[in-house]
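Below are the chains, spelled out letter by letter.
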Amino acid sequence: MNALIDPFGRRIEYVRLSVTDRCDLRCDYCMPKGFRDFQEPDDWLRFDEIERVIGAFARLGVSRVRLTGGEPLVRRDLPELAARLARLPGVDDLSLSTNATRLNKHAQALREAGVSRLNVSLDTLRAERFKQITGGKLEKVLAGLMAAKAAGFAPVKINMVVMRGVNDDEVEDMVAFCLEHDFTLRFIETMPMGKTGRSASSRYLDLQTVRARLGERYELLPGVMPGGGPARYVQVAGTPLRIGFITPISQHFCETCNRVRLSVDGTLYMCLGQEERFELRPLLRAGASDAELEAAVREAITLKPERHEFREEPGKIVRFMSMTGG
Ligand code: SAM
Ligand code: SF4
């Protein structure tokens, strides 16, 4: 059996692939305003290198790949990379996380390339507030979302980071928006990644309170979502709307973690909230064979820690979420 099993018996079957650490937005919980310390383009894995690494993972039983970043659509020719990855034997679920600012232009090409599912970050439906949180224009994101719908992506999941005193008054509006457009909605707790994430964590809101609040207004039934990952879902009775709660802080889900993260420079991160990592770029550039690459991936997986310690050690992770793609 070729499967990748970590030291805690968890099967690794999902890679989140960061294709750039750059972004056209500056969400205040993610990337600092004047941030310039990006990876050098020479250090970025090229498409052929990414294809080799994902090919090795696929031979080891990884079937799901998510393109993320930074903003993945900032990477030139992303649909071409998507098509190459979708064709790899063993990869049967290719998805994308995006801020959607450029989705209007690329949705159709991504769909044709074989991207099957989309997650879009959207924390507010108010243009002024969107500008304050992200520095960008809400109208572009809304145009991107409509293009995704028109291109046939279903479900489209909306990811909303809920922050006390920032956007927690919009939870019900977001439910109405997702009902209207047939999107799936997921709420996310802030994580103390980097100084931006830590500063946002002062606006942390336990999502159990959001769930209780929605429970007063809607009848919430237990829900399931294929490929739902760590989110716990409810369904709004009498509607198709599913709402997921991603609660890394109030109820962590490390015991079912099935993923690792590959950053744009070829560093494999074993956990969002820990430092364990393994450098694959030197191997790739030294001409490692496929067998050597697979052996390296196996070795890397032995480093996977049991769980994050965002609560116990909120100051531990200095890298921003944009480096590893969330
Ligand atoms: N740019 C794309 C996007 O925004 O969807 C993909 C990368 S982004 C880093 C992935 C996810 O991480 C987004 O849903 C974003 O809201 C989330 N994120 C970033 N920083 C976070 C933090 N400190 N706490 C919780 N979620 C965070
Ligand atoms: Fe960019 Fe996504 Fe981070 Fe926002 S959350 S700054 S869109 S990478």
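The structure displayed is predicted, hence computed values, not measured ones. Per chain, residue numbering runs from 1 following the sequence as it is written. For naming, the first written chain is A and the first written ligand is 1, with later ones following in the order written. Restriction of local features to residues with pLDDT of at least 70 applies here, the model being predicted, together with a cutoff of 80 or more for giving and counting side-chain atom pairs; totals for whole chains, interfaces and linings are based on all residues. Excluded from the side-chain calculation are hydrogens and water; included are all heavy atoms of the structure.

Caption draft 1: The arrangement of the overall build of the protein chain in detail. Think of it this way: any DSSP run of H or I at least four residues long counts as a helix, any run of E at least two long counts as a strand, and we number them from the N terminus. Of regular secondary structure, the protein chain possesses eleven helices and twelve strands. Here the globule rule reads 2.2 Å times residues to the power 0.38, and the radius of gyration is calculated from C-alpha atoms. Here the C-alpha radius of gyration of the protein chain, 19 Å, is about what a compact globule of 326 residues would show, namely 20 Å. With the C-alpha coordinates aligned to their principal axes, the bounding extent of the protein chain is approximately 55 × 45 × 40 Å. Note on classification: 1.4 Å probe, protein chains only; a residue is buried when its accessible area is under 20% of the maximum for its type, exposed when over 50%, partly exposed between these limits. For the protein chain, the residues scored as buried account for 58% of the 326 residues in total. Contacts in the protein chain between residues at least 24 apart in sequence constitute 73% of all its contacts with a sequence separation of at least 6. The accessible surface values rely on the Shrake-Rupley method and a 1.4 Å probe; as for residues, cover is taken only from the protein chains in view. As presented, the protein chain carries roughly 13,600 Å² of accessible surface, and 50% of it is formed by carbon and sulfur atoms. Two residues qualify as a contact provided that any one of their heavy atoms is within 4.5 Å of a heavy atom in the partner residue.

Caption draft 2: Expanded view of the pairing of strand 5 (residues 156-161). Strand 5 sits mainly inside the fold: six of its six residues count as buried. Think of it this way: DSSP has to see at least two bridges between two strands before they count as a pair. Both strand 4 (residues 117-121) and strand 5 contribute to a ladder of four bridges, which runs parallel. Bridged to Asn119 within strand 5 is Lys157. Direction of pairing for strand 5 relative to strand 6 (residues 184-188): parallel, over a ladder of five bridges. Considered in strand 6, the bridge of Lys157 is made with Thr184. With strands facing away from the observer, any crossover in which the path from the first strand over the helix to the second runs clockwise is taken as right-handed. Handedness of the strand 5-helix 6 (residues 171-181)-strand 6 crossover: right-handed.

Caption draft 3: Looking closely at the site of ligand 1. A single heavy atom is enough: if one lies within 4 Å of a molecule or strand, its residue is considered near that molecule or strand. Around ligand 1 lies a shell of 17 residues, among which Tyr29, Gly70, Glu71, Ser121 and Met191 are the nearest. The definition of a polar contact used here is a pair of N or O atoms within 3.5 Å, where within protein one atom must be able to donate a hydrogen and the other to accept one, and adjacent residues in sequence count solely through side-chain atom pairs. Between ligand 1 and the protein, one listed contact pairs an oxygen atom with a backbone N or O atom of Thr98 at 3.4 Å. Residue Ser121 places a side-chain N or O atom 2.6 Å away from an oxygen atom belonging to ligand 1. For ligand 1, whose unbound accessible area comes to 550 Å², protein coverage reaches 94%. Polar here means any residue other than Ala, Val, Leu, Ile, Met, Phe, Trp, Tyr, Cys and Pro, which are nonpolar, and Asp, Glu, Lys and Arg, which are charged; Gly is therefore polar. Across the shell around ligand 1, the residue classes break down as five nonpolar, ten polar and two charged.

Caption draft 4: The site of ligand 2, seen in detail. Around ligand 2 sit Cys23, Leu25, Cys27, Cys30, Gly70 and Asn99, and those are all the residues in its vicinity. Across the shell around ligand 2, the residue classes tally to four nonpolar, two polar and no charged.

Caption draft 5: Region of the structure containing unusual backbone geometry. Here Ala154 and Pro155 are connected by a cis peptide whose omega angle stands at 0 degrees. Along the polypeptide, Pro155 turns up in the loop between helix 5 (138-150) and strand 5. We note that Asp77 has phi near 60 degrees; this positive angle belongs to a residue other than glycine. Tracing the sequence through the fold places Asp77 in the loop between strand 2 (64-68) and helix 2 (78-86).

Caption draft 6: Summary view of the sheet that holds strand 9 (residues 242-246). With respect to topology, twelve strands assemble into an open sheet ordered 7-8-9-6-5-4-3-2-1-10-11-12, the strand pairing being mixed. On the outer flanks of this sheet lie strand 7 (220-222) and strand 12 (277-279), each paired with one strand and no other. Across this sheet, the average inter-strand angle for adjacent strands is 25 degrees, counted without regard to direction. In the sheet, strand 1 (residues 14-18) pairs with strand 2 via five bridges, with the strands oriented parallel. In the sheet register, Tyr14 faces strand 2, and the bridge partner there is Arg64. Simply put, an axis is a line fit to the C-alpha atoms, just over the touching stretch for a helix, and the angle between two N-to-C directions goes from 0 to 180 degrees.

Caption draft 7: A look at helix 6. Three or more residues of helix 6 are buried, namely Val171, Glu172, Met174, Val175, Phe177, Cys178 and His181. Residues of helix 6 that are buried make contact with helix 5, strand 5, strand 6, helix 8 (207-217) and strand 9.

Caption draft 8: Representation of the environment of Gln274 in the model. Here Gln274 lies in the loop between strand 11 (267-269) and strand 12. Spatially, the C-alpha atom of Gln274 lies 35 Å from that of Asp173, the residues being 101 residues apart in sequence. Residues within four places of Gln274 in sequence aside, it is in contact with Pro305, Arg307, His308, Glu309, Lys316, Ile317 and Arg319. Side-chain polar atoms of Gln274 contact the side chain of Lys316, separated by 2.7 Å.

Caption draft 9: Structural context of the nonpolar core. Core analysis: the biggest nonpolar cluster contains 104 residues, and Leu67 and Phe187 have the highest contact counts within it. If near-sequence neighbours (up to four positions away) are discounted, Phe187 is found in contact with Met160, Val162, Val171, Leu207, Val210, Leu214, Ile243, Gly244, Phe245 and Ile246. We call a set of buried Ala, Val, Leu, Ile, Met, Phe, Trp, Tyr and Cys residues a nonpolar core when their side-chain atoms join them within 4.5 Å.

Caption draft 10: Geometry of the pairing of strand 6. With five of five residues buried, strand 6 lies mostly within the body of the structure. Judged by which residues are buried, strand 6 turns out to be covered on both faces: Thr184, Arg186 and Ile188 on one side and Leu185 and Phe187 on the other are all buried. Relative to strand 9, strand 6 runs parallel, the two sharing four bridges. When the sheet's bridge partners are listed, Ile188 is paired in strand 9 with Ile246.

The values reported here are purely geometric and, on their own, carry no functional implication.
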